[in-house]
Amino acid sequence: MRTNRLLAATALVAALGLAATACGGGSDDSDGSSKNGGSTKGVTLTYWASNQGASLDVDKQVLTPELKKFQQQTGITVKLEVIGWADLLNRILAATTSGQGPDVLNIGNTWSASLQATGALLPWDSSNFSAIGGKDRFSAASIAAAGAAGKDPAAVPLYSMGYGLYYNKKMFADAGLQPPTTWDELNADAKKLTTGGHYGIAVEGSNLQENVHSAFVLAKQHGADWFDASGKPTFTSAGDVAAVKQYVDFIADGVADKGNAEYAQNQTITDFATGKAAMMMWQTASSTILTHGMKSGDYGVVPVPTLTAGATGATGVTSMVAGINLSVFQNTKHKDAALQFVKFMTSTPEQKILNKAYGSIPPVTEAQSDPAFQTPDLKTIGGVLQKSAAPLPQVTNEAQFETTVGTAIKDLFADAANGKSITDSLVKSELEKAQSQMPAS
Amino acid sequence: MAATAPPRSAPEAGSDSGKPAGRGRLRPRIPARLRQLSLPYLLLLPALALELLIHIVPMIVGIVISFKGLTLFFIRNWKSAPWTGFDNYKVAVKIHQPIGQALLHSFWVTIAFTVLSVAFSWLIGTAAAILMQDTFRGRAVLRAIFLVPYALPVYAAVITWTFMFQQETGLVNHVLHDQLHLTSDKPFWLIGGNSFWALVIVSVWKSWPFAFLALMAGLQNIPRELYEAAAMDGAGVWQQIRKITLPSLRPVNQVLVLVLFLWTFNDFNTPYVMFGQAAPHQADLISIHIYQSSFITWNFGSGSAMSVLLLLFLLLVTAVYLLLTSRKRGDADA
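A. View of the interface of chain A and chain B. Between chain A and chain B, the residue contacts involve 53 residues of the former and 52 residues of the latter. With both sides pooled, the region where chain A packs onto chain B buries about 4700 Å², and carbon together with sulfur makes up 63% of that total. Run the count over chain A and chain B and you get two salt bridges. One salt bridge connects Lys258 of chain A with Asp185 of chain B, and the closest N-O pair in it is separated by 2.7 Å. Counting across the interface, chain A meets chain B through six residue pairs in polar contact (both at pLDDT 80 or more). Contributions of two or more residues to the side of chain A that touches chain B are made by helix H1 (5–22), helix H3 (85–98), helix H4 (112–118), helix H16 (398–417) and helix H17 (424–436) of chain A. Counting residues per element, the side of chain A that touches chain B draws most heavily on H1 of chain A, which supplies 14 residues.

Written out as structure tokens, the structure is:
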């Protein structure tokens, strides 16, 4: 009888835990001489890289020459595995359970506090940071998004990204409009630009992470947070409700195509690049926009609007601190070699090469002055990261927050697309449901 | 005297094995009858060991976890997670509290989905099997085409359906709206209320060929003479189906319906591929719901408790079903 595979799967994870008590982690020791403090020459490290490029193969092409360079410099071989975002968190979770993880891995920076709570990642104390050149080399915002406040970071920033408002220059010029700085302006512009199968703005309604990122920024602007100081969820606060309603209203008000409610595969960028939508809020999207045929001079990037022009502090937050971090697995057998690898990847020359390849911004401040990062759009997003970006709540339940609130917004978008009236009470009840599903931390 | 007495054990053991004394190892004396009796059990041993390893042990570990507060804090060493007794179960069954309410909602969605999917799969499978009984030109080709959904990899098939169900560019709305003009607007199929029906459609498409295959095999066992005799007595096609075909297929149907029920109730692949980790509220099947509890909210204790409850429900349904069907069979035999 094929009963309950889920139970078996859950149990399997636990069964792997049994193995974890008996086994160490990390990759094979190729010459047996690479324990902590010993020689690192001849060591083989395993590195799980997250998918940053257009495909896993693109990532391999970008990273392989750099890893060879590292091998030539140090004699340390790096075995690369690029993992898609859909699988990465579960892979890390399984590795945490079994203890059989890679030596070095990429994590999304919003997962930092959650993964930190598992104890699977090496804490970056002052001694570990000094081994890679010091904490001060990194921008303060990117370090703030690398672990819970008051604790040693669980990761080191590798690629930084931030949100900006992308707008179609020609569509704006044709309508005699300037890029908006407030939400009122944006809504008025979007209404003017919504005509004959073209829409003012595109949103990614079924993409849970995108939903949460926008809801976070809007809530900040409405003077609200998603968690209180003790880390308890406060999803039903008036500011959170107003933030979600404002976001969902893009479809309810008809300035975004109702078909956007179904988008989860970055169709937003396609719509923007092909001229179907005049605006979108996205993080460092230039390389993807260009692959869809739009020329770099055809679009502009400005900071995401605020409620009032020139807002500062929390109400002036226009982006979450997006980015990818580099972590070392706690029970690696090759800590010294892993630190050397992190030092290499976060060195100024490598930061320039890698961030150029991925269209992101180096979190290492010294590398940011490179001309490659001085293009108008990257300068705008760099400015946002410096002045008006805030990290997502660094709480242990962050991953659950993304799923539950992201799903609530997805369901509200579906309601809006199906013609249901989006009221404050409906938004509040959906957020209440999301909050009830949050486990106690 | 004792020192000169010949050793007894070696020659005896040797003589039993038929080999010269003192040469080989000692072999226990196993009577031939016992050896014959134990052979089937020995042959079953590998299967039993694998069953233990693959199903029973993980299931027991899962049951143990359901009594623990296993969250991400203890994931590195699950044994250190605190015992919480029946707390996880209590939370799951409190239907006036949000978690219990959501679980109950998923349960009813799953029941509705299972009943509809099994009913339609069985109906289409039965109709197709009966139609395929008569010989006609192209029957073999048609039969092969019918089995295609069953032969296709689930992931590839379901992802194709999700393309077809896209609101703007999907084939389903193209046919319904653009070509047949049956709808005034293009409806959503992957979000909102229609997502439930999209799930049922894909599930039926995937399952009915199995019903068709099983019933076609069952039909082979019905003697043609019965139909000929019935026709001579003036029975029409519908009467022949009711009086001959369906009663003769009862043993096949008993197993078929149970298997379809269990497979459909536990189906994880279809909703996961169609909707990802966050299914729409209206199509929130219990399998996805438990996956979310365990692997998305990282609350393995709660997820395991829900899984155990589901297992108990399925065992109960299976037991009642088998009891009812065997009693009916007993009545019929009598």
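B. Here's a closer look at the packing of helix H4 (residues 98–131) of chain B against helix H12 (residues 250–265) of chain B. Residues and elements named next belong to chain B. Relative to each other, H4 and H12 sit at 140°, their axes nearing to 9 Å. As judged from the angle between their axes, H4 and H12 are oblique. Every pair of crossing elements has a handedness; the one defined by H4 and H12 is right-handed. Between H4 and H12, the contacting residues are Phe107, Thr110, Ile111, Phe113, Thr114, Ser117, Val118, Ser121 and Trp122 on the first element and Asn253, Leu256, Val257, Leu260, Phe261, Thr264 and Phe265 on the second. Class assignment of the residues belonging to the contact of H4 with H12 gives a composition of 10 nonpolar, six polar and no charged.

C. Fine view of the sheet that holds strand E7 (residues 277–283) of chain A. Residue and element names in this part refer to chain A. Ordered in space as E6-E7-E5-E8, the four strands form an open sheet in which the pairing is mixed. The two strands at the open ends of the sheet, each matched to only one other strand, are strand E6 (199–202) and strand E8 (299–302). Here the average twist between neighbouring strands, direction ignored, is 20°. As paired elements, strand E5 (residues 163–168) and E7 share five bridges and run antiparallel to each other. Opposite Tyr163, over in E7, you have Gln283 as the bridge partner. Here helix H8 (residues 183–193) sits on the sheet in contact with E5, E6 and E7, set at roughly 140° to E7.

D. Focus on the nonpolar core. All names here are of chain A. Counting 95 residues, the largest nonpolar core has Tyr47, Trp226 and Phe250 as the members making the most contacts within it. Among the elements that take part in this core, H16 stands out by supplying nine residues, more than any other. Sequence-distant contacts of Trp226, that is, excluding residues within four places in its chain, are made with Ala215, Phe216, Ala219, Lys232, Pro233, Thr234, Phe235, Asp240, Val244, Phe401, Val405 and Leu431.

Conventions adopted
Residues numbered from 1 in each chain as written. Chains lettered and ligands numbered in written order. Predicted model: local features only at pLDDT ≥ 70, side-chain atom pairs only at ≥ 80, totals over all residues. Heavy atoms only, no water. Contact = heavy atoms within 4.5 Å. Buried area = accessible area lost by both parts, 1.4 Å probe. Salt bridge = Lys/Arg side-chain N within 4 Å of Asp/Glu carboxyl O. Polar contact = N/O pair within 3.5 Å; in protein donor to acceptor, adjacent residues only side chain to side chain. Helix = DSSP H or I, 4+ residues; strand = E, 2+ residues; numbered from the N terminus. Axes fitted to C-alpha atoms, helices over the stretch in contact; angles between N-to-C directions. Parallel < 35°, antiparallel > 145°, perpendicular 65-115°, else oblique. Left-handed = near helix turned anticlockwise from the far one by under 90°. Nonpolar A, V, L, I, M, F, W, Y, C, P; charged D, E, K, R; others polar. Pairing = 2+ DSSP bridges. Core = buried A, V, L, I, M, F, W, Y, C linked by side-chain atoms within 4.5 Å. Buried < 20%, exposed > 50% of the residue type's maximum accessible area, 1.4 Å probe, protein only.

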